[in-house]
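# A look at the structure
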Amino acid sequence: ALPICTIMSQPFSRFLHPFYVAHRPSHEPGGKRALLAFWASDSASVRNKPALGKPPGARRAVPVEDVLAALRSLDDGEARST
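Residues numbered from 1 in each chain as written. Predicted model: local features only at pLDDT ≥ 70, side-chain atom pairs only at ≥ 80, totals over all residues. Heavy atoms only, no water.

Turning next to the sheet that holds strand E2 (residues 49-53). Taken together, 3 strands build an open sheet; the order of strands is E1-E2-E3 and the sheet is antiparallel. In the strand order of this sheet, the two ends are held by strand E1 (45-46) and strand E3 (62-63), each with one partner. Bridge count for E2 against E3 is 2 bridges, and the pairing is antiparallel. Residue pairing in the sheet places Leu 52 in a bridge with Pro 63 of E3. (Pairing = 2+ DSSP bridges. Helix = DSSP H or I, 4+ residues; strand = E, 2+ residues; numbered from the N terminus.)

The following block contains the structure:
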């Protein structure tokens, strides 16, 4: 799995949607969480449309609900594996 610093250094343009991040097998769960948390953060919100997240370099804005669903899918996957 790729270390978190490598994941965070990749441009958001590589990820079309938060679920691509959540389901990418080559990334560590902590790195996925960090990337998705940034995507959901206020610093990635679209001006005058806070329900959308678009980090620098992302191809398009995504509803924050999609980002939160991707984070939940990580939690669900970890719960099943333990």
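Before going further, it helps to spend a moment on the environment of Gly 57. By the secondary structure assignment, Gly 57 is in the loop between E2 and E3. Linking Gly 57 and Phe 12, residues 45 residues apart in sequence, is a C-alpha distance of 5.3 Å. With residues up to four places along the chain from it excluded, the contact list for Gly 57 reads Phe 12 and Ser 13. (Contact = heavy atoms within 4.5 Å.)

On to the confidence of the model for the chain. Looking at the chain as a whole, its pLDDT mean stands at 82, while 80% of the residues score no less than 70. Within the chain, helix H1 (residues 4-8) has the poorest average pLDDT of any element, 53, and E3 the best, 95. (pLDDT = per-residue confidence, 0-100.)

On to the pattern of salt bridges, then. If you walk through the whole model with that rule in mind, you get 1 salt bridge. Across the pair Asp 75 and Arg 33 runs a salt bridge, and its minimum N-O distance is 2.9 Å. Of the two residues, Asp 75 sits in helix H4 (residues 64-81) while Arg 33 sits in helix H3 (residues 29-40), which places them 42 residues apart along the sequence. Judged by relative accessible area, Arg 33 falls into the partly exposed class, the value being 25%. (Salt bridge = Lys/Arg side-chain N within 4 Å of Asp/Glu carboxyl O. Buried < 20%, exposed > 50% of the residue type's maximum accessible area, 1.4 Å probe, protein only.)

Relative to the helices and strands, Ser 41 resides in the loop between H3 and E1. Along the sequence, Ser 41 and Val 67 sit 26 residues apart, while their C-alpha atoms lie 10.0 Å from each other. A distance of 2.7 Å separates the side chain of Ser 41 from the backbone oxygen of Phe 38, its partner in a polar contact. For Ser 41, the side chain forms a polar contact with the side chain of Ser 43, separated by 2.8 Å. (Polar contact = N/O pair within 3.5 Å; in protein donor to acceptor, adjacent residues only side chain to side chain.)

Another aspect to go through is H3. The first and last C-alpha atoms of H3 sit 16 Å apart over 12 residues, in line with the 16 Å expected at 1.5 Å per residue. Within the sequence span of H3, burial applies to Gly 31, Lys 32, Leu 35, Leu 36 and Trp 39. Projected down its long axis, H3 carries its buried residues within an arc of 125°, all on one side. (Expected span 1.5 Å × (residues − 1). Arc of directions from axis to C-beta.)

Turning to the nonpolar core, a few remarks are in order. With 13 residues, the main nonpolar core has Val 21, Leu 36 and Trp 39 as its most contacted residues. Those elements that place two or more of their residues in this core are helix H2 (18-22), H3 and H4. Here this core takes 4 residues from H4, the largest share from any one element. Setting aside residues up to four positions removed in sequence, Leu 36 forms contacts with Pro 18, Val 21, Ala 22, Val 67, Ala 70, Leu 71 and Leu 74. (Core = buried A, V, L, I, M, F, W, Y, C linked by side-chain atoms within 4.5 Å.)

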